[in-house]
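Spelled out, the chains give:
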Amino acid sequence: MRQAPPYVPGHQLLAGKSILITAAAGAGIGYAAAKRCAEEGCRALMISDIHPRRLEEAVERLKAETGLQAVYGQLCNVTVEADVQALVAAAEDALGGVDVLINNAGLGGQVRLTEMTDQQWSSVLDITLTGTMRMTRAMLPHMERRGAGAIVNNASVLGWRAQKEQAHYAAAKAGVMALTRCSALEAAESGVRINAVAPSIALHDFLKKASSSELLEQLTSREAFGRAAEVWEVANVMVFLASDYASYMVGEVLPVSSQQA
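Residues numbered from 1 in each chain as written. Predicted model: local features only at pLDDT ≥ 70, side-chain atom pairs only at ≥ 80, totals over all residues. Heavy atoms only, no water.

Comments concerning the environment of Ala27
So, point 1. Structurally, the position occupied by Ala27 is in the loop between β1 (18–21) and α1 (29–39).
So, point 2. Taking C-alpha positions, Ala27 is 8.7 Å from Val231, a pair spaced 204 residues apart along the chain. (Helix = DSSP H or I, 4+ residues; strand = E, 2+ residues; numbered from the N terminus.)

Overview of the packing of aromatic side chains
So, point 1. Counting across every chain of the model gives one aromatic pair.
So, point 2. An angle of 65 degrees between the planes, with centres 5.0 Å apart, marks the rings of Tyr7 and Trp232 as edge-to-face. Taken together, the residues span a long stretch of sequence, with Tyr7 in the segment before β1 and Trp232 in helix α8 (residues 231–242) at a distance of 225 residues.
So, point 3. Positioned above the aromatic ring of Tyr31, the side-chain terminus of Arg61 is 4.3 Å from the ring centre. (Phe/Tyr/Trp six-rings, centres within 6.5 Å; stacked < 30°, edge-to-face > 60°. Lys NZ or Arg CZ within 6 Å of the ring centre and 35° of its normal.)

Structural notes on the packing of α1 against helix α2 (residues 52–66)
So, point 1. One can describe the packing of α1 onto α2 by two numbers: an axis separation of 10 Å at closest approach and a directional angle of 35 degrees. Helix-helix and strand crossings are classified by hand; for α1 and α2 the assignment is right-handed. Mapping the contact onto sequence places Tyr31, Ala34, Lys35, Ala38 and Glu39 in α1 and Ala58, Arg61, Leu62, Glu65 and Thr66 in α2.
So, point 2. Classifying every residue of the contact of α1 with α2 by side-chain character gives five nonpolar, one polar and four charged. (Axes fitted to C-alpha atoms, helices over the stretch in contact; angles between N-to-C directions. Left-handed = near helix turned anticlockwise from the far one by under 90°. Contact = heavy atoms within 4.5 Å. Nonpolar A, V, L, I, M, F, W, Y, C, P; charged D, E, K, R; others polar.)

Let's talk about the nonpolar core
So, point 1. With 39 residues, the main nonpolar core has Ile19, Ile21, Cys37, Leu45, Ile47 and Ile102 as its most contacted residues.
So, point 2. Counting only elements with at least two residues in this core, the list comes to β1, α1, β2 (44–49), α2, β4 (100–103), β5 (149–154) and α8.
So, point 3. Beyond its immediate chain neighbours, meaning those up to four positions away, Ile102 contacts Ile19, Leu20, Ile21, Thr22, Ala33, Cys37, Val152 and Met238. (Core = buried A, V, L, I, M, F, W, Y, C linked by side-chain atoms within 4.5 Å. Buried < 20%, exposed > 50% of the residue type's maximum accessible area, 1.4 Å probe, protein only.)

Side note on the pattern of salt bridges
Pairing between side chains becomes possible if they bear opposite charge and their charged atoms approach one another.
So, point 1. A complete count under the given rule lists ten salt bridges for this structure.
So, point 2. Between Lys35 and Glu39 there is a salt bridge, with the nearest N and O atoms lying 2.7 Å from each other. With Lys35 and Glu39 both in helix α1 and four residues apart, this pair spans about one turn of that helix.
So, point 3. Ionic contacts of the salt-bridge type, sharing partners, join the residues Lys35, Arg36 and Glu39 into one network. (Salt bridge = Lys/Arg side-chain N within 4 Å of Asp/Glu carboxyl O.)

A look at the layout of surface pockets
So, point 1. Put simply, the second largest pocket is a space of about 160 Å³.
So, point 2. Of the residues that constitute the lining of the second largest pocket, the class distribution is five nonpolar, three polar and five charged. (1 Å grid on protein atoms, 1.4 Å probe; cavity = no way out; pocket = protein on both sides within 12 Å on 5 of 7 lines; lining within 4 Å. Points joined across faces, edges and corners; volume = space filled by probe spheres on them.)

Some thoughts on the sheet that holds strand β7 (residues 253–256)
So, point 1. The strand order β3-β2-β1-β4-β5-β6-β7 describes an open sheet built from seven strands, whose pairing is parallel. The open sheet has two edge strands, β3 (71–75) and β7, and neither has a second partner. In this sheet, neighbouring strand axes are inclined to one another by 20 degrees on average, regardless of whether the strands run parallel or antiparallel.
So, point 2. As defined by bridge partners, β4 adjoins β5 across four bridges and the pair is classed as parallel. Counted as the bridge partner of Val100 is Ala150 from β5.
So, point 3. Across the sheet, helix α3 (residues 81–95) is in contact with β1, β2 and β3; its angle to β2 comes to roughly 160 degrees.
So, point 4. Taken strand by strand, helix α5 (residues 167–188) contacts β5, β6 (192–199) and β7, and its axis lies near 160 degrees from that of β6. (Pairing = 2+ DSSP bridges.)

Description of the side chain of Thr128
So, point 1. In this structure, Thr128 sits in helix α4 (residues 118–146).
So, point 2. Residue contacts for Thr128: discarding those within four places in its chain leaves Ala105, Gly106, Leu107, Ala172, Lys173 and Val176.

Side note on the environment of Val176
So, point 1. On the secondary structure map, Val176 appears in helix α5.
So, point 2. The class for Val176 is buried, based on a relative accessible area of 0%.
So, point 3. For the pair Val176 and Ala198, spaced 22 residues apart in sequence, the C-alpha separation works out to 9.9 Å.
So, point 4. The residues contacting Val176, other than those within four sequence positions of it, are Thr128, Leu129, Thr132, Asn153, Asn154 and Ala155.

Keep in mind that these numbers describe shape and distance, not what the molecule does.
Take a look at the structure:
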């Protein structure tokens, strides 16, 4: 197994930009993306989550770890349209306009299709796919009026590849990919770019709780590096897609994976 490389310092890829990230108060990809955006020179940052205490702690931790003081938190449940509209309005006001939206909110699980309830199916689809749609639908008009902006969605290699006990999650992530491609064509008419990342496995505390150790070992064994990605390795690709370095990329889904062919 190859060890993870050293943490890469920021290179000001997002200098002067304002960023909004959903579901970013935990220990996963969302918080890693927020931290990386601050390290890459963004001028202001807002994160959302559904847990008040965790959100408040994450805001203070980001300020302390990155030195960026223009960090804001806003409670939001992406399954509630009123919450989504309030989040976008708050971000537009606090940040002076949003340059980048990172749709990170998602929900997984591990259950066989024959044992899956309607509620389990609906919850994963509503948060992961429809939540991404709601956020994009609410934010896009603001970006289109300004004639600029970037939206980065968090998909998954399961949108392409089959895995047992993941029918709901895989269907939701495949939907995120299709949503990315179709909405990107509409947004490009106004100079707004929409793209997505598709991680294979990035290990963090929530994933460890939601998945069996046997499954995690099996998934890790498929990776050419013999290890899961660090969450910041996924965040790095999100930052690239959000930056002006990706100025000609529209509707693309970039895998963040070392899975063997």
